[in-house]
Amino acid sequence: TQLLEQSPQFLSIQEGENLTVYCNSSSVFSSLQWYRQEPGEGPVLLVTVVTGGEVKKLKRLTFQFGDARKDSSLHITAAQPGDTGLYLCAGARAGGTSYGKLTFGQGTILTVHP
Amino acid sequence: SAVISQKPSRDICQRGTSLTIQCQVDSQVTMMFWYRQQPGQSLTLIATANQGSEATYESGFVIDKFPISRPNLTFSTLTVSNMSPEDSSIYLCSVRGTAEAFFGQGTRLTVV
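My aim in this report is to walk through the structure given alongside it, one point at a time. (Residues numbered from 1 in each chain as written. Chains lettered and ligands numbered in written order. Predicted model: local features only at pLDDT ≥ 70, side-chain atom pairs only at ≥ 80, totals over all residues. Heavy atoms only, no water.)

**Looking at the environment of Leu43 of chain B**
Applicable threshold: In this text, helices come from DSSP runs of H or I with a minimum length of four residues, and strands from runs of E with a minimum of two, each type numbered from the N-terminal end. Two residues form a contact once any of their heavy atoms are found within 4.5 Å.
Topologically, Leu43 of chain B is positioned in strand β5 (residues 43-50). In the structure, Leu43 of chain B is positioned 42 residues away from Ser1 of chain B in sequence and 21 Å away in space, judged by C-alpha atoms. Excluding residues within four positions of it along the chain, Leu43 of chain B makes contact with Pro43, Leu88 and Phe104 of chain A together with Tyr35, Arg36, Gln37, Leu92 and Phe103 of chain B.

Below, the structure is given as structure tokens:
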């Protein structure tokens, strides 16, 4: 069973603060994605990381894929109330019986207070 | 990318009845995935639906409870049968791109 351990489960911070969300696994993933979901909507892709050690930036969001492709982090700088939502990491493995499936982390509910 | 239309967006159903959720994709896809999600929590895969073959169910989910149809490469349905309050949840359909997944907006089901 592939597991993605995501932490923390809850984050409640003030506007302007920084935060980091982590996803860790003992399994190797061919790619890892981060999604953000708002109430009443499906998850929306933020980024996909594929190469070990890769760092991607999306405005105030920085995503990193571990060298061994077993872990990833999402760092938000100067959080804003609009960042509030459920953040999910998801890992993909190619081939075999798990082809096409994604393994999701437990999710992080982020609340940014003005 | 893919655009997924899912309906209904929400429903309140009586226990013992069944609800069919529809998922329409704007492009042809080989596999479609059905998930269940409690509000604010992660996604649990119910089954993978392939066109022309029976769906593949994950552990804890069975065809009698969650029958799935996949009549063509752009459409799928998930039925939640003989519902109980424990089936109250958000149900999402999804397709995969090269790596990423695209989701419908979800169906919020409440069983009373």
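Still more ground to cover, so stick around.
**What to know about the state of the cysteines**
Under the convention used in this document: Our working definition of a disulfide is a cysteine sulfur pair at a distance within 2.5 Å. Categorising residues by exposure relies on relative accessible area from a 1.4 Å probe, with only protein chains included: less than 20% of the type maximum marks a residue as buried, more than 50% marks it as exposed, and the intermediate range marks it as partly exposed.
Summed over the entire model, instances satisfying the criterion amount to two disulfides over all chains. In this model, Cys23 of chain A is linked to Cys89 of chain A through a disulfide, with the two sulfur atoms separated by 1.6 Å. Taking the sign of the S-S torsion, about -80° here, the bridge from Cys23 of chain A to Cys89 of chain A comes out left-handed. Here the residue Cys23 of chain A occupies a position in strand β3 (residues 19-24), and Cys89 of chain A occupies one in strand β9 (residues 85-92), the gap between them amounting to 66 residues. The exposure class assigned to Cys23 of chain A is buried, which follows from its relative accessible area of 0%. In this structure Cys13 of chain B is a free cysteine whose sulfur lies 17 Å from that of Cys93 of chain B, the closest cysteine sulfur available. Judged by relative accessible area, Cys13 of chain B falls into the buried class, the value being 8%.

**What to know about the pairing of strand β2 (residues 10-14) of chain A**
Residues and elements named next belong to chain A. Quick reminder of the rule: Only strands joined by at least two bridges in the DSSP assignment are considered to pair.
Burial of β2 is one-sided: the residues Leu11 and Ile13 facing one way are buried, the residues Phe10, Ser12 and Gln14 facing the other way are not. Here β2 pairs with strand β11 (residues 108-113) via five bridges, running parallel. Each bridged residue has a counterpart across the sheet, and for Phe10 the counterpart in β11 is Ile109.

**Focus on the sheet that holds β3 of chain A**
Residue and element names in this part refer to chain A. Heads up, the condition is: Axis geometry follows a simple rule: fit a line to the C-alpha atoms, using only the stretch in contact for helices, then measure angles between N-to-C directions, giving values from 0 to 180 degrees.
If you trace the five strands from one edge of the open sheet to the other, you get β1-β3-β8-β7-β6, paired in antiparallel fashion. Taken across any chain shown, the strands that pair with only one partner, and hence form the sheet edges, are β1 (5-7) and β6 (55-58). On average, adjacent strands in this sheet sit at an angle of 15° to one another, irrespective of strand direction. As paired strands, strand β7 (residues 61-65) and strand β8 (residues 71-76) are joined by five bridges and run antiparallel to one another.

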